[in-house]
Amino acid sequence: EIGGGDAKVSYSEKEKAAEIALKKDNVTLTVDMQSAGLSGDMFKYITVCAKNANGEAVKVTVTYTYADGTCEKTVDILSDALFNAETAKFFDASGEIVSIAFTIHANAGETVYFDSFVLTPTLPAAENAEAVRVGAANLF
């Protein structure tokens with residue numbers, strides 16, 4: 001879900017990813033996780049794979065809402081013409097995951113490609129997810 005007319009979201013066939021053209025600064029995307037039945041006790045890592053169309057670094061704040069509260073972490077995805085990934089760590093999360101919000105810190109008029117996010121239970125799994133997602137995203 002994207003609030004109001006904050007961004008134009010489409011699928012880029014060329015990039016094989018969501019194309020998010022920001023109409024205002026710092027757009028937030030929210031993923032409803034309520035029906036997924038996933039636990040913040042188990043999934044402590046969220047790996048985000050994205051890139052800015054202009055090749056600049058992408059800063060994304062991940063807000064993890066769970067049964068008893070929220071946690072927020074910011075990741076910096078490296079500048080590059082190719083996709084990169086970074087992992088946010090949520091050691092304080094517990095209970096059912098209600099939603100995950102991604103605030104893309106970019107200026108109005110910029111385009112960001114969002115390939116994926118992956119939930120993992122351990123650091124080695126998160127590191128593997130980073131390598132796998134980046135590899136898969138850059139195959140095209």
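Just so it is clear, the structure is predicted and the values come from calculations on it, not from any experiment.

Engineer: Got a minute to help me understand the environment of Val27 in this structure?
Structural biologist: Residue position: Val27 is located in strand 3 (residues 27–32). Look at Val27 and you get buried, because its relative accessible area is 0%. Along the primary structure Val27 and Cys49 are separated by 22 residues, whereas in three dimensions their C-alpha atoms are 16 Å apart.

Engineer: Can you help me understand the nonpolar core in this one?
Structural biologist: Nonpolar side chains in soluble globular proteins generally cluster together in the buried interior. Counting residues in each nonpolar core, the largest one holds 29 residues, and the members touching the most others are Ile46, Val62, Tyr64, Phe90, Ile100 and Phe102. Contributions of two or more residues to this core are made by strand 2 (17–22), strand 3, strand 4 (45–52), strand 5 (58–66), strand 6 (69–77), strand 8 (97–105) and strand 9 (111–120). By residue number, the principal contributor to this core is strand 5, which donates five residues. Residues in contact with Ile100, not counting those within four places in the same chain, are Leu29, Thr30, Val31, Met33, Ile46, Val62, Thr63, Phe117 and Leu119. Judged by nonpolar contacts, the second largest core, of six residues, contains Cys49, Phe83, Ala85 and Tyr113.

Engineer: Can you walk me through the sheet that holds strand 6 in this structure?
Structural biologist: Hydrogen bonds along the backbone pair up the strands of a sheet, which may run parallel or antiparallel. Strand order in the open sheet formed by four strands is 3-8-5-6, with antiparallel pairing between adjacent strands. Whereas interior strands pair on both sides, the edge strands pair on one side only; in this sheet they are strand 3 and strand 6. Taking each pair of neighbouring strands and ignoring which way they run, the sheet shows an average axis angle of 20°. For strand 5 and strand 8, the ladder comprises eight bridges, and the chain directions are antiparallel. Across the sheet, the residue bridging to Val60 is Ile104, located in strand 8.

Engineer: Would you mind going over the sheet that holds strand 7 (residues 84–89) with me for this structure?
Structural biologist: Strand order across the open sheet formed by five strands is 1-2-9-4-7, with antiparallel pairing between neighbours. Edge positions in the sheet fall to strand 1 (7–12) and strand 7, since each of these pairs with one other strand and no more. Between one strand axis and the next, the sheet turns through 30° on average, direction left out of account. Sheet analysis places strand 2 next to strand 9, joined by four bridges and oriented antiparallel. Pairing of Ala21 across the sheet is with Thr111, part of strand 9.

Engineer: Any chance you could explain the pattern of salt bridges here in plain terms?
Structural biologist: Here the idea is simple: oppositely charged side chains can pair when their charged atoms come close. Inspection of every chain in the model, using the stated rule, returns four salt bridges. For Lys16, the salt bridge goes to Glu13, with nearest N and O atoms at 2.4 Å. Judged by relative accessible area, which is 26%, Lys16 ranks as partly exposed. Among the salt bridges present, the one from Arg133 reaches Asp115, with a minimum N-O distance of 2.6 Å. Note that Arg133 is positioned in helix 1 (residues 123–137) and Asp115 in strand 9, a separation of 18 residues in sequence. On the basis of relative accessible area, Asp115 is assigned to the buried category, the value being 16%.

Criteria and cut-off values
- Position numbers for residues start from 1 in each chain and track the written sequence from start to end.
- Confidence filtering applies because this is a predicted model: local features only for residues at pLDDT of at least 70, side-chain atom pairs given and counted only at 80 or more, and all residues used for totals across whole chains, interfaces and linings.
- As a rule here, side-chain values cover all heavy atoms of the structure and leave hydrogens and water aside.
- In this description a helix means any DSSP run of H or I spanning at least four residues, a strand means any run of E spanning at least two, and both kinds are numbered starting from the N terminus.
- Burial classes: relative accessible area under 20% of the type maximum marks a residue as buried, over 50% as exposed, and values in between as partly exposed (1.4 Å probe, protein chains only).
- As used here, the term nonpolar core means buried Ala, Val, Leu, Ile, Met, Phe, Trp, Tyr and Cys residues forming a set that is joined through side-chain atoms within 4.5 Å.
- Two residues qualify as a contact provided that any one of their heavy atoms is within 4.5 Å of a heavy atom in the partner residue.
- Note on pairing: two strands pair once DSSP finds at least 2 bridges between them.
- The angle between two axes is taken between their N-to-C directions and runs from 0 to 180 degrees, where each axis is a line fitted to C-alpha atoms and a helix contributes only its stretch in contact.
- Salt bridge, as applied in this entry: a Lys or Arg side-chain nitrogen positioned within 4 Å of an Asp or Glu carboxyl oxygen.

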